[in-house]
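Geometric and topological summary
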Amino acid sequence: QVQLVESGGGLVQAGGSLRLSCAASGSTFSRYNMAWFRQAPGKEREFVATISWGVGSTSYVDSVKGRFTISRDNAKNTVYLDMNSLKPEDTAVYYCAGRTTSYGEWHYWGQGTQVTVSS
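Below is a summary of the structure that appears in this document.

The rules behind the values
Residues numbered from 1 in each chain as written. Predicted model: local features only at pLDDT ≥ 70, side-chain atom pairs only at ≥ 80, totals over all residues. Heavy atoms only, no water. Disulfide = S-S within 2.5 Å. Helix = DSSP H or I, 4+ residues; strand = E, 2+ residues; numbered from the N terminus. Buried < 20%, exposed > 50% of the residue type's maximum accessible area, 1.4 Å probe, protein only. Contact = heavy atoms within 4.5 Å.

Details of the state of the cysteines
Taken as a whole and assessed by the stated rule, the structure comprises 1 disulfide. Between the sulfur atoms of C22 and its disulfide mate C96 the distance is 2.0 Å. Judged by the torsion about the S-S bond (55°), the C22/C96 disulfide is right-handed. Of this pair, C22 sits in strand 3 (residues 18–25) while C96 is found in strand 9 (residues 92–99), placing the two residues 74 residues apart along the sequence. C96 matches C22 in its accessibility class, with the two residues each being buried.

Brief notes about the environment of G8
Considering the arrangement of structural elements, one finds G8 in the loop between strand 1 (3–7) and strand 2 (10–13). With 100 residues separating them in the primary sequence, G8 and Y108 have C-alpha atoms 19 Å apart. Not counting residues up to four positions away in its chain, the partners in contact with G8 are L18, R19, L20 and T113.

Put into structure tokens, the structure is as follows:
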């Protein structure tokens, strides 16, 4: 069992940058695969990025490649999403998620943090 809490969201103008953090507690964080999802109003929740627990391999949705970077600091039990060159279409509630598997359902979710990008 792990609890996840996101932070770092806010209002930023187009072209700006923001760092989201997801703090984990209650389990062996270093063994968890972690991911970021986002959900815009009226739209389905969308996968954004993931990072594995082992070698730290990463994957991104095409729309954020080259702009977003997912990373983790196991000593701080924290996963990050560094967002650069932000666009209005990045506006959404961003959620972090975790699982001990490399496939299937994401078992643990945070409550989300709002990111709003103004044009």
